[in-house]
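Residues per chain, in single letters:
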Amino acid sequence: MTETPTLYEIWFDKLTGQGASPAQAVITVIHRYLDGRSGTKTSPVEIDAAFWSSAFWQSCPDAVFRTEGFALAFAKYLGRDQEQVFPELIRALMVAPEACKRAIRYSRVFLAPESGRWKALQGLIGQQVRGYKTFVNECRQLWRRYEQRRREADASYDQLSDLSILDLLVYASISAFKTELPPLFDLKPPNALIPHPVFRYTMFTEAVSRLLARRLEHCGKDELDVSEERIRNCFRERMYPLLLTRHYDGGASAAALRRFEGFIDAQIRLDHCRHTEIGNFCFDGDVSQPEPCDLSLEPTPCFEPWMKSCLRGQELQQYWQMRSLAGLNESAADDGETLELMARDGRLKPVTRMLADILILHDLFGIDDEIAIGNGIKVSLHRACLMLELAKANYEDTLLHPFVEAMRRHGDWAAALVEVIESGMRDGLQQRYPVLFARTDDKLKLLRQFTVTEASPSGSDEAAAALLAFFGNDLKSVRDPIHQSGKQLDANFAEQPLLRFGDYVFTLPWVLTTQNNATALVNNLRRIGSNRSAVGEETKRIEERLAEQMEQLGFRTLVGYMPPDGEGEPAGEVDVLASRDGHIFLFEIKSGYMRQTLEAAWLHRTTTLRKAGRQVERKLAALVDVFPGEGILRDSLGMAAVPPADQVHTWIVDTSIDFDRQRFSGYLKVSMTEVLIVLRDEAGFLADDDSLDTLYPEGFSAPRFAQIIEQGLLWRDTPQPAEVASPPTTN
C-alpha cells in the first residue's frame, strides 16, 4: 500500500505535468512553503513533516540546493527543533556548502548550543561532510562572545533586585539627563562604546524598555498599585539625593544609580553585539554568485543597500515637512496670518510637524479621519497628531531646551536639572521633573483640550479616554503582551509613551522630546495594532488614493482587478493598474511599519518583498494572457492589448523605505513616497536645486514618469552609506 502523497508532492507533480522542469517545480514548491501555503495542514510540525519528507527531494537537482530560496527554507528547518529529519540533508551540505552556511547564519541556530538541530548538524559536519570546520569555529566563537555579554547583563540585572519598577523608572529618567542627553547636544564627549550619540541614545531607550519588561515578569501586583505618597517617597529617596546636597543620604542613591547604569551599559553591549557582530555575520556575510535557476531573491550582503535606503528615508522626512510647510503657508495666507507670526507665537513648529504626520498617515498608510483601535473605540487622527506634537513642543520649551541652556552655563547636569525643576515651582507649581506623573482623571482632563469640536466645545470625555487608550501602555493589564516571558515591551516608549501604573499615568519627556512622532504613530498602528480589523480597509485606501493621484494626471486606472485562475498558481488580486500614453503600470502595494534594525528589515526583504516579486510575476503573466478577451481591462484602461515590454512597468510600491530600489524576481521595489513625489512633481521639496523645480520640462507624460522612477533620477544628490558610522536603531 502506497503512502498518500503530500500536498507539496501533488504540487510538484502538477507543475512537472504542465511542462516545468524538475528544478523549476521544486523551486516553486519551496517558495510556496516559504509563503506559508500548506493547504489543509495547520500545525507547523505537520507542515514541516510534509515538506521535508516529500519524495521529490530524492531526485532534486543539485542546483536547487544552491539557491537562496533553499537557504531560507533550510534556515526555517534549523530554527525549529523538531523530530522531523530531512533525508537529503547530507547531500545538501555536500553540494551546496555556501547556501547551507547562509542558512545556518540566517537561522542563528548556533546561538542555541543545546538545540538538537545544531548538535546533529555539528555531528554530520564533523564526521561525514568536509569544508565547514572554520565556519563552525566562527559560529562557536561568536556564541561565546554573545554568551559572555548575556551573562554580564544577567549579573548586572541581579544587582537591581532591591529596586521596584517605579525606582527603575526614576533612575532611567535621571540617567537620561545625566549621561544620554548631554552628548546628544554636544555638551559632553560621546560614549566610548557607541560613539554616535543618536545611536547610543536610542539604544539606551531600548535597554530601558527591556529592563522594565524583564522587571514586570517578576513584580507582584502590589508593586504596580502606586499611590501619590509612594511616588513622592520614591522621588525623595531616589531622585532628590542625586540633585540636592541637603537631601544627602550617605551616597546610597548614587550607588543605586551606578548599579542601574552598570546594567544599562551591559545591556547596550549585549544589544550592540546582537545588532552589529551577530547582525553582520548572519545577514551581511560574503555570498557567492546567485544560482541562475532561481533569481527571485539574490543572496547579497544586506547592510549597504539597507543603509542606502535608510539615508533616502531621512531625505524623504524632509519632503513631508516641506510639503506641510507649503500647505500651512497657503492656508495661513488665506486666514490673514504669516508663518513669521506663527513662529513668534510658538505655533509654527508643532503645527508643521502635526500636518506632516497627518500627510504621512493619510497618503502613505491609508488612515482616515478616525482611527478604530478596537472595542468600538475611535480616535481622531487630527487629535492624536496634535496631542503628540503639542506635548513634544511643550516639553521642548519648558524642560529640554532650558536644561540644555542651564547645562551650558553650569557644566553640571544635576545643577542644570535643579534649575529647571525650581523654575517649574516658580511658574505655578508645574512639574518639570525628568519623569512626570498625574492621576488618570487629571490626565483625562488635560487630554480633553485636544478633543474640542464644534459639537463638543468643552471637549469629550469619551474622546479623551480614546486618546489615553491609544497612547497608553497599561503595565498592570494581564492581557498586555508586555507580560509574556522574554519579550521586550510590546510598545516601546516612542510608540505608546503614556505608561499606566494603576490609577497613575507616567510621561517620559526625555523620550517625547527626541522621538520621531510620525514613526511612533505609524508603528503604534501598524506594528502594535497590526491585528486591527481596520487594517484591510486602510490598505485598500492606499491603493485607491494612489489611483486618484494618477487619475488627476490623466491616467486611466483599475483598482483590485482579479484575473481568472489559470492552470498554474493563482495570480491573485492586482492592486493597481494604470494606463496613459500607450504605457501600462502594474503596482503591487505593500504596507507595513517603520523598521529600526537590519534584522527586521532583512525579514521584510526575505518574506514580504520576496513574495511580492513572485506575485508581480504571476500577475503580469495572467494579465498578458487574459487581456485580449477581458472587456473590463480594455474598457477601464482604454487599450486593446498589452503594449510592448518596454511600455509595461511593473513595480513593488512599498510604504517602507527598506531595501529601496532593489529588485525581486527582477521587479523594481520603490517607496510610495518616491512615487508620490514624482507624480506630484515636488522634487524641489527634497533639495535646494533649481534643476528640481520641475521633473517635466516638456510637460507630464507617462514615459517620463516611468523614466524618472526606473532610472532613479530623484536620487542623484543622495548621500552615500559610508557617511554614516553605524547602523541606525532609531525611531
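Residues numbered from 1 in each chain as written. Predicted model: local features only at pLDDT ≥ 70, side-chain atom pairs only at ≥ 80, totals over all residues. Heavy atoms only, no water.

(A) Broad picture of the overall build of the protein chain. Regarding its fold elements, the protein chain presents 28 helices and twelve strands. The dimensions of the protein chain, computed from C-alpha atoms along their principal axes, are 85 × 70 × 45 Å. Evaluated residue by residue, the protein chain yields a buried proportion of 54% over its 731 residues. Long-range contacts, defined as pairs at least 24 residues apart, comprise 72% of the intrachain contacts of the protein chain with a sequence gap of at least 6. As presented, the protein chain carries roughly 31,500 Å² of accessible surface, and 48% of it is formed by carbon and sulfur atoms. Positive and negative charge centroids in the protein chain, built from 83 and 104 side chains respectively, lie 5 Å apart. (Helix = DSSP H or I, 4+ residues; strand = E, 2+ residues; numbered from the N terminus. Buried < 20%, exposed > 50% of the residue type's maximum accessible area, 1.4 Å probe, protein only. Contact = heavy atoms within 4.5 Å. Areas by Shrake-Rupley, 256 points an atom, 1.4 Å probe, with all protein chains shown as cover. Lys, Arg positive; Asp, Glu negative; His and termini not counted. Charge placed at Lys NZ, Arg CZ, Asp CG, Glu CD.)

(B) Structural detail: the sheet that holds strand β3 (residues 436–439). The mixed open sheet is built from four strands, whose spatial order is β3-β6-β5-β4. Two strands lie at the open edges of the sheet, namely β3 and β4 (472–474), each paired on one side alone. For this sheet, the mean inter-axis angle between neighbouring strands, taken without regard to orientation, is 30°. As defined by bridge partners, β4 adjoins strand β5 (residues 498–501) across three bridges and the pair is classed as parallel. If you follow Asp474 over to β5, its bridge partner there is Arg500. The sheet strands contacting helix α21 (residues 461–471) are β4, β5 and β6 (504–507), and the helix crosses β4 at an angle near 70°. (Pairing = 2+ DSSP bridges. Axes fitted to C-alpha atoms, helices over the stretch in contact; angles between N-to-C directions.)

(C) Up close: the pattern of salt bridges. Taken as a whole, this structure holds 48 salt bridges when the rule is applied. A salt bridge links Glu261 to Lys178; its shortest N-O distance comes to 3.2 Å. Remark: Lys178 occurs in helix α10 (residues 165–184) and Glu261 occurs in helix α14 (residues 252–283); sequence separation between them is 83 residues. The salt bridge partner of Glu396 is Arg353, with a shortest N-O separation of 3.3 Å. Placement of the pair is Glu396 in helix α18 (residues 381–410) and Arg353 in helix α17 (residues 348–364), with a sequence separation of 43 residues. Salt bridges here are not isolated pairs; linked through shared partners, they connect Glu147, Arg150, Arg151, Asp154 and Arg214. (Salt bridge = Lys/Arg side-chain N within 4 Å of Asp/Glu carboxyl O.)

(D) Examining the environment of Leu686 more closely. Looking at the element boundaries, Leu686 is found in the loop between α27 (672–680) and α28 (702–710). Relative accessible area serves as the criterion here: at 8%, Leu686 is assigned to the buried category. Between the alpha carbons of Leu686 and Gln321 there is a distance of 9.9 Å; along the sequence they are 365 residues apart. When near neighbours in sequence (up to four residues on either side) are disregarded, Leu686 contacts Glu315, Leu316, Gln318, Tyr319, Ile677 and Leu714.

(E) Here's a closer look at α10. Along its 20 residues, α10 runs 26 Å from first to last C-alpha, staying within 8% of the 28 Å computed at 1.5 Å per residue. At Ala176, α10 shows its maximal bend, which comes to roughly 40°. Of all 20 residues in α10, 18 are buried; the element is thus mostly enclosed. Once α10 ends, the next one or two residues include Asp186, with phi positive near 60°. (Expected span 1.5 Å × (residues − 1). Bend = angle between axes of the 7 residues up to and from the residue.)

(F) Summary view of the sheet that holds strand β10 (residues 648–654). Reading across the sheet, the six strands line up as β7-β8-β9-β10-β12-β11 and stay open at both edges, with mixed pairing between neighbours. The strands lining the two open edges of the sheet, one partner per strand, are β7 (556–561) and β11 (663–664). Along the sheet, helix α25 (residues 598–626) makes contact with β7, β8 (574–580), β9 (583–590), β10, β11 and β12 (667–671), crossing β9 at roughly 145°.

(G) Representation of the packing of aromatic side chains within the structure. The full count for this structure, using the stated rule, is 47 aromatic pairs. On the basis of an interplanar angle of 80° and a centroid distance of 4.8 Å, the ring pair of Phe51 and Trp52 is categorised as edge-to-face. We classify Trp52 as buried; its relative accessible area is 0%. Taking 5.4 Å as the distance between ring centres and 90° as the angle between the ring planes, the aromatic pair formed by Phe51 and Trp57 counts as edge-to-face. Note on accessibility: Phe51 and Trp57 belong to one class, buried. Lying over the aromatic face of Tyr77, Arg117 brings its terminal NZ or CZ to 3.9 Å of the ring centre. (Phe/Tyr/Trp six-rings, centres within 6.5 Å; stacked < 30°, edge-to-face > 60°. Lys NZ or Arg CZ within 6 Å of the ring centre and 35° of its normal.)

(H) Geometry of the pairing of β8. Summarising burial for β8: seven of the seven residues are buried, a large majority. Judged from the five bridges that link them, β7 and β8 form a sheet pairing that is antiparallel. The residue bridging Arg556 from the neighbouring strand is Ser579, located in β8. As paired elements, β8 and β9 share five bridges and run antiparallel to each other. By the bridge assignment, Arg580 is partnered in β9 with His583. Taking the residues that link successive antiparallel strands as the turn, the β8-β9 hairpin has two residues, and the phi of Asp581 there is positive, at about 55°.

(I) Spotlight on the environment of Leu160. Mapped onto the elements of the fold, Leu160 is located in the loop between α9 (133–158) and α10. Once the C-alpha coordinates of Leu160 and Trp57 are considered, the two residues, 103 residues apart in sequence, prove to be 53 Å apart. Ignoring anything within four residues of it in the chain, the contact list for Leu160 reads Leu168, Leu211, Arg259, Phe260 and Phe263.

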